[in-house]
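# Observations on the model geometry
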Amino acid sequence: MLVAACVALLSSCRKKNEETGDITRNYFPLTFGKYVTYDVDSIYYDENLCTQYRIKSQLKYVVTDTFTDRSNFYNRLNYIVDIFARPYEGAPWIPHSVILLNPTGNSLNWSQDGVRYVKMMFPITEGIKWKGNVYVPATDPTMTYLTNWDYQYMNYQKSYNTAKLNFDNTVTVLENDESVNYPGVDTGVAAYRTYSKAVYAYNVGLVYREFTHWTYRAYNSQCLNGVSVVMRAIDHN
């Protein structure tokens, strides 16, 4: 029965690929057991203590299961990605969080911590834009800065070096690049910086992720408040 179930699943996935005929979906392959391991460099800015905390760790993303979403007409197959974390290489992996991936007819929806993002659009075309954070709740004041982002494809089919590994065929999604003023130039003016970028490699998936968001309130402590995170793929199957 187990063998029959596996064969049925593989047949279903194969049929779906044949139906779409879109090879650009292989920039985020959805296969049971697929994993990517990352080195993670994080900086946390605390305006109250006027300090910066630098933390190095590792994350591992693994496609562990699937389920059928019967809440709509299409009964689409969804994928569960378990995230594991550890403080350094060689330490035991500890369950960290879960991502739900929902591929639609022309997009890849990514749900994490109760928020849904449209991470990719298909077929991939250089320069196209879309509202990737359209489902982010704008009424939540902690997420206001995430609204109205215009995701854009760039550097399609170009090589990319993460400083850990080199990938011959990738596509970059510039999710947001926004800044107002800079404390290093004028400490008396409020400022903020938001930058987000993801790089996907063919037949691998996400291989580089960079996210920065900080604010600077000149009238308060005159220190940054926020976070900056860089993820670099170091291993994959």
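Keep in mind that this is a model prediction, so the values were computed, not measured.

Procedures and definitions
- Think of each chain on its own: its residues are numbered from 1, step by step along the sequence as written.
- Local features in this predicted model are restricted to residues whose pLDDT is 70 or higher, and side-chain atom pairs enter the listing and the counts only when it is 80 or higher, whereas totals over whole chains, interfaces and linings include all residues.
- Remark: hydrogens and water are excluded; side-chain values derive from all non-hydrogen atoms of the structure.
- Put simply, DSSP marks the helices as runs of H or I at least four residues long and the strands as runs of E at least two long, and each gets a number from the N terminus on.
- Classification of residues uses two cut-offs on accessible area relative to the type maximum, computed with a 1.4 Å probe and protein chains only: under 20% is buried, over 50% is exposed, and between them is partly exposed.
- By the convention used here, residues are in contact when the closest approach between their heavy atoms is within 4.5 Å.
- Using the Shrake-Rupley algorithm and a 1.4 Å probe, accessible areas are obtained, with residue cover drawn only from the displayed protein chains.
- Pairs of cysteine sulfur atoms within 2.5 Å are identified as disulfides in what follows.
- For this analysis, a nonpolar core means a set of buried residues of the types Ala, Val, Leu, Ile, Met, Phe, Trp, Tyr and Cys, connected via side-chain atoms within 4.5 Å.
- Charge assignment in this entry is limited to Lys and Arg as positive and Asp and Glu as negative, and neither His nor the chain termini are counted.
- Whenever Lys or Arg places a side-chain nitrogen within 4 Å of a carboxyl oxygen from Asp or Glu, that contact is recorded as a salt bridge.
- N or O atoms closer than or at 3.5 Å make up a polar contact, with two conditions inside protein: a donor-capable atom paired with an acceptor-capable one, and, for residues adjacent in sequence, both atoms drawn from side chains.
- What makes two strands pair is DSSP finding at least two bridges between them.
- All axes are obtained by fitting lines to C-alpha atoms, using only the stretch in contact for helices, and the reported angles, taken between N-to-C directions, cover 0 to 180 degrees.

## Focus: the overall build of the chain
Counting its secondary structure elements, the chain contains one helix and 12 strands. When the helices and strands of the chain are listed from N to C terminus, the series reads α-β-β-β-β-β-β-β-β-β-β-β-β. Put simply, the chain has 237 residues, and 42% of those count as buried. A separation threshold of at least 6 residues defines the contact pool for the chain, and within that pool the share at least 24 residues apart is 48%. Counting every atom, the chain has about 13,200 Å² of accessible surface; 54% of that belongs to carbon and sulfur.

## A look at the state of the cysteines
By the definition in use, this model includes one disulfide. Note that cysteine 50 is cross-linked by a disulfide to cysteine 223, the S-S spacing being 1.7 Å. Looking along the S-S bond of the cysteine 50-cysteine 223 disulfide, the torsion reads about -65 degrees, which is the left-handed sense. Placement of the pair is cysteine 50 in the loop between strand E1 (35-46) and strand E2 (51-69) and cysteine 223 in the loop between strand E11 (205-216) and strand E12 (224-236), with a sequence separation of 173 residues. On the accessibility criterion, cysteine 50 (46% relative accessible area) is partly exposed.

## Some points on the nonpolar core
Core analysis: the largest hydrophobic core is formed by 50 residues, its most contacted members being Tyr61, Leu101, Met120 and Tyr200. With near-sequence residues (within four places) excluded, tyrosine 61 lies in contact with Lys34, Tyr35, Val36, Tyr38, Val81, Asp82, Ile83, Ile99, Trp110 and Met231. Listed in part, the six residues of the second largest apolar core include Ile43, Tyr45, Ala191 and Tyr216.

## A word on the side chain of lysine 197
Take lysine 197: it is sitting in strand E10 (residues 191-201). Of the buried charged residues, lysine 197 lacks a salt bridge, with glutamate 210 as the closest side chain of opposite charge at 4.7 Å. Engagement of the side chain of lysine 197 in a polar contact is seen with the side chain of tyrosine 160, the distance being 3.2 Å. Not counting residues up to four positions away in its chain, the partners in contact with lysine 197 are Tyr160, Thr172, Val173, Leu174, Glu175, Tyr208, Arg209 and Glu210.

## Description of the sheet that holds E1
Sheet architecture is open: 12 strands sit in the order E6-E5-E4-E3-E2-E1-E12-E11-E10-E9-E8-E7, paired in antiparallel fashion. Whereas interior strands pair on both sides, the edge strands pair on one side only; in this sheet they are strand E6 (115-121) and strand E7 (129-131). Averaged over all adjacent pairs, the angle separating strand axes in this sheet is 25 degrees, with direction ignored.

## Quick word on unusual backbone geometry
Residue proline 123 is bonded to the preceding phenylalanine 122 through a cis peptide linkage, with omega at -5 degrees. With respect to the helices and strands, proline 123 occurs in the loop between E6 and E7. The residue aspartate 113 is not glycine, and still its phi comes out positive at about 55 degrees. Mapped onto the secondary structure, aspartate 113 falls in the loop between strand E5 (107-112) and E6. Given a relative accessible area of 69%, aspartate 113 falls into the exposed group. In this structure, alanine 163 is a non-glycine residue whose phi angle is positive, near 80 degrees.

## Side note on the pairing of E6
Burial of E6 is extensive: six of the seven residues sit out of reach of the surface. The pairing of E5 with E6 spans six bridges and is antiparallel. For asparagine 109, the partnering residue across the bridge sits in E6 and is valine 118. Turn length for the E5-E6 hairpin, with the two strands adjacent in sequence and antiparallel, is two residues, and the turn residue aspartate 113 shows positive phi of about 55 degrees.

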